[in-house]
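Residue-level listing of the chains:
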Amino acid sequence: DYLIDLGFRNLHTGKEEIKRFEVCKPLGKVEFIPAPYVTENVKMTILLPVQEFEDELAHDFLVNYEKVIMRRKDRVLLMLVLMYQSNSSSKGSTDIFGPLKQQATKLSNKYHNDDMRIVWVSIRLPAVNGSMTLNNTKTLNFAMVDLALKKIGTETLTLVLDVHAEVTPEFLNRVSHTHT
């Protein structure tokens, strides 16, 4: 049930008039449809944007990701989208994401399989007053996904998560099921 109050302006008197409408939509027949798990048939890519201040959370994400996804040998490609501020170093020992890249490489080598890798793409953010983040620059989400899709293609199911996400096999099964 919905109650909708609409305000109209009377063109003759100039006064606002409120009209209330009650809308009711009857429920249809409810059905439960059994849904098989289809993760093994669908190649999935997880995009994980990582901002400089989230590197520790990203390490924790990778630890959980190895336990839950990589050990099960699920067909999931994880792409880390590393977001460097304009003045941050991205080379050598001063690379803020250096340890995260090493952890990703170590896991990819340990579970060597093309359907189950961890890769990364780096984005250098433009110089602005203050720092540019996913929260204060909404178009950054679109740019990040656009760049990543150019690297991985559009033939896989792509899921964008954040470093706070806790991935489970059941979750991935549900995500891949909604795709088919």
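What counts as what
- Residues numbered from 1 in each chain as written.
- Predicted model: local features only at pLDDT ≥ 70, side-chain atom pairs only at ≥ 80, totals over all residues.
- Heavy atoms only, no water.
- Core = buried A, V, L, I, M, F, W, Y, C linked by side-chain atoms within 4.5 Å.
- Buried < 20%, exposed > 50% of the residue type's maximum accessible area, 1.4 Å probe, protein only.
- Helix = DSSP H or I, 4+ residues; strand = E, 2+ residues; numbered from the N terminus.
- Contact = heavy atoms within 4.5 Å.
- Salt bridge = Lys/Arg side-chain N within 4 Å of Asp/Glu carboxyl O.
- Phe/Tyr/Trp six-rings, centres within 6.5 Å; stacked < 30°, edge-to-face > 60°.

Caption draft 1: Quick peek at the nonpolar core. If you look at the biggest cluster of nonpolar residues, it comprises 29 residues, and the most contacted ones within it are Tyr 65, Leu 78, Leu 80 and Ile 118. Mapped onto this core, the elements with two or more residues apiece are strand 3 (44-51), helix 1 (55-70), strand 4 (76-84), helix 2 (98-110) and strand 6 (157-160). Among the elements that make up this core, the one with the highest residue count is helix 1 (seven residues). Not counting chain neighbours up to four residues away, the residues in contact with Ile 118 comprise Leu 62, Tyr 65, Met 70, Leu 78, Leu 80, Ala 104, Leu 107 and Ser 108. Counting residues in hydrophobic clusters, the runner-up holds 12 residues, among them Leu 47, Leu 77, Val 81 and Ile 152.

Caption draft 2: Geometry of the pattern of salt bridges. In total, this model carries three salt bridges according to the counting rule given. For the salt bridge of Asp 5 with Arg 20, the shortest nitrogen-to-oxygen distance reads 2.7 Å. Taken together, the positions of Asp 5 in strand 1 (residues 2-9) and Arg 20 in strand 2 (residues 16-23) put the pair 15 residues apart, joining distant regions of the chain. With its nearest N and O atoms 2.8 Å apart, the salt bridge here joins Lys 101 to Asp 95. When sorted by exposure, Lys 101 lands in the same class as Asp 95, which is buried.

Caption draft 3: Fine view of the packing of aromatic side chains. Within the structure shown, the criterion is met by two aromatic pairs. Measuring from centroid to centroid gives 6.1 Å for Phe 61 and Tyr 65, while their planes differ by 15 degrees, and the two rings are stacked. Of this pair, Phe 61 and Tyr 65 both sit in helix 1, four residues apart, roughly one helical turn. A residue is classified by how much of its surface remains accessible, and Phe 61, at 3% relative accessible area, is buried. Here Tyr 65 falls in the buried class, since its relative accessible area comes to 1%. Seen in terms of ring centroids, Tyr 84 and Phe 97 are 4.9 Å apart; in terms of plane orientation they differ by 85 degrees. Their pairing is edge-to-face. Linking Tyr 84 in strand 4 with Phe 97 in the loop between strand 4 and helix 2, this pair joins segments that are 13 residues apart in sequence.

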